[in-house]
Amino acid sequence: MTTRSVLIYVDRKDRAFAEFFRVLRPRGRISVGEPINRFSFPEPRGRFLGYDVMRVVEIADKLEAFFDREERPKISAMMNFDERDLITIAERTGFGNIHLDLLADIKSPRAEDWSRFIKSAGNPLSPTLEEAMKASLTTAERDRFAAHLRPLVESGSGAQRRAFAYLSAEKPAS
Ligand SMILES: C[S@@+](CC[C@H](N)C(=O)[O-])C[C@H]1O[C@@H](n2cnc3c(N)ncnc32)[C@H](O)[C@@H]1O
């Protein structure tokens, strides 16, 4: 049984594993591949989507407050686990022969077109940066924030953190 980027949308991962266990035959295996968002978020103050925004940190704070209020409650399932939780849940469910590989990268992002960047969102439940800026910043703040961030985005001058966990496990023979 295989999932890729599915459990991340499921609030109760323990119940999903219990169902995998229930429907598998003895010696049946699961292979689960899921992004680990906790590797990337929450970011330290002064860092926004992997870019250094310390020079405009008060504006970044307002944006963060907006995301905290509007986005975080909707995406709790995407943030409520890491790779250790996957191992713990698999073991508690009764699986054996558990193996997990974590791929983790911190690297320079691709140089990106600004208008594309502000119109994109991490997932369909999240506002775009453009929407967040309109909802939470004054025009002057938007201009100042964009003047700082845009050259960083367009030159790829940041540090993007990404992690993906691959877990396999087996239902015991008896
Ligand atoms: C990001 S897509 C990944 C699709 C595919 N596994 C891949 O890697 O390309 C997320 C998938 O999770 C499925 N999904 C989300 N919540 C689910 C749930 N509670 N039960 C079953 N599938 C679910 C969605 O239907 C969607 O197909």
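In the block above lies the structure referred to throughout.
Residues numbered from 1 in each chain as written. Predicted model: local features only at pLDDT ≥ 70, side-chain atom pairs only at ≥ 80, totals over all residues. Heavy atoms only, no water.

### Describing the sheet that holds strand 1 (residues 2-4)
Here is step 1: A sheet is described by the order of its strands in space; here four strands give the open sequence 1-2-6-5, paired in mixed fashion. On the outer flanks of this sheet lie strand 1 and strand 5 (96-107), each paired with one strand and no other. Each strand of the sheet is rotated relative to its neighbour by a mean of 5 degrees, with strand direction disregarded.
Here is step 2: Bridge count for strand 1 against strand 2 (residues 29-35) is three bridges, and the pairing is parallel. Across the sheet, residue Thr 3 finds its bridge partner in strand 2, namely Val 32.
Here is step 3: Together, strand 1, strand 2 and strand 6 (160-170) form the strand contacts of helix 1 (residues 13-23), whose direction differs from that of strand 2 by roughly 155 degrees.
Here is step 4: Strand contacts of helix 4 (residues 83-93): strand 5 and strand 6, with the helix running at about 170 degrees to strand 5, the strand carrying the most contacts. (Pairing = 2+ DSSP bridges. Helix = DSSP H or I, 4+ residues; strand = E, 2+ residues; numbered from the N terminus. Axes fitted to C-alpha atoms, helices over the stretch in contact; angles between N-to-C directions. Contact = heavy atoms within 4.5 Å.)

### Examining helix 1
Here is step 1: Inspection of helix 1 places Lys 13, Ala 16, Phe 17 and Phe 20 among the buried residues, and these make up the whole buried set. Summarising the axial view, the buried residues of helix 1 lie within an arc of 100 degrees, below the 170-degree limit, and thus occupy one face. The exposed set on the far side of helix 1, more than 90 degrees from its buried face, consists of Arg 15 and Arg 22.
Here is step 2: Looking at the buried side of helix 1, the elements it contacts are strand 1, strand 2, helix 3 (76-79), helix 4 and strand 6. (Buried < 20%, exposed > 50% of the residue type's maximum accessible area, 1.4 Å probe, protein only. Arc of directions from axis to C-beta.)

### A look at the nonpolar core
Here is step 1: Counting 22 residues, the largest nonpolar core has Phe 17, Phe 20, Ile 30, Val 32, Leu 86, Phe 95 and Leu 167 as its most contacted members.
Here is step 2: Of all the elements, strand 6 adds the most residues to this core, at four residues. (Core = buried A, V, L, I, M, F, W, Y, C linked by side-chain atoms within 4.5 Å.)

### Regarding the packing of helix 2 (residues 57-70) against helix 6 (residues 129-136)
Here is step 1: Two numbers describe how helix 2 lies on helix 6: the axes approach to 10 Å, and their chain directions differ by 105 degrees. It follows from the interaxial angle that helix 2 and helix 6 lie roughly perpendicular. Contacts from Lys 62, Leu 63, Phe 66 and Phe 67 of helix 2 reach helix 6 at Leu 129, Ala 132, Met 133, Ala 135 and Ser 136.
Here is step 2: Grouping the constituent residues of the contact of helix 2 with helix 6 by class yields seven nonpolar, one polar and one charged. (Parallel < 35°, antiparallel > 145°, perpendicular 65-115°, else oblique. Nonpolar A, V, L, I, M, F, W, Y, C, P; charged D, E, K, R; others polar.)

### Quick look at the packing of aromatic side chains
Here is step 1: Overall, the coordinates contain nine aromatic pairs when judged by the stated rule.
Here is step 2: Ring plane angle 50 degrees and centroid distance 6.3 Å describe the contact between Phe 48 and Phe 67, whose orientation is recorded as tilted. Remark: Phe 67 occurs in helix 2 and Phe 48 occurs in strand 3 (residues 47-48); sequence separation between them is 19 residues. We note that Phe 48, like Phe 67, is buried.
Here is step 3: Note on Phe 164 and Tyr 166: the rings are 5.0 Å apart at their centroids and 40 degrees apart in plane angle, and the pair reads as tilted.
Here is step 4: In this structure Phe 164 comes out as buried when scored by relative accessible area, which is 19%.
Here is step 5: An aromatic cluster of three or more residues is present, and its members are Phe 17, Phe 20, Phe 21 and Phe 95.
Here is step 6: The ring of Phe 39 carries Arg 161 above its face, with NZ or CZ at 4.4 Å from the centroid. (Phe/Tyr/Trp six-rings, centres within 6.5 Å; stacked < 30°, edge-to-face > 60°. Lys NZ or Arg CZ within 6 Å of the ring centre and 35° of its normal.)

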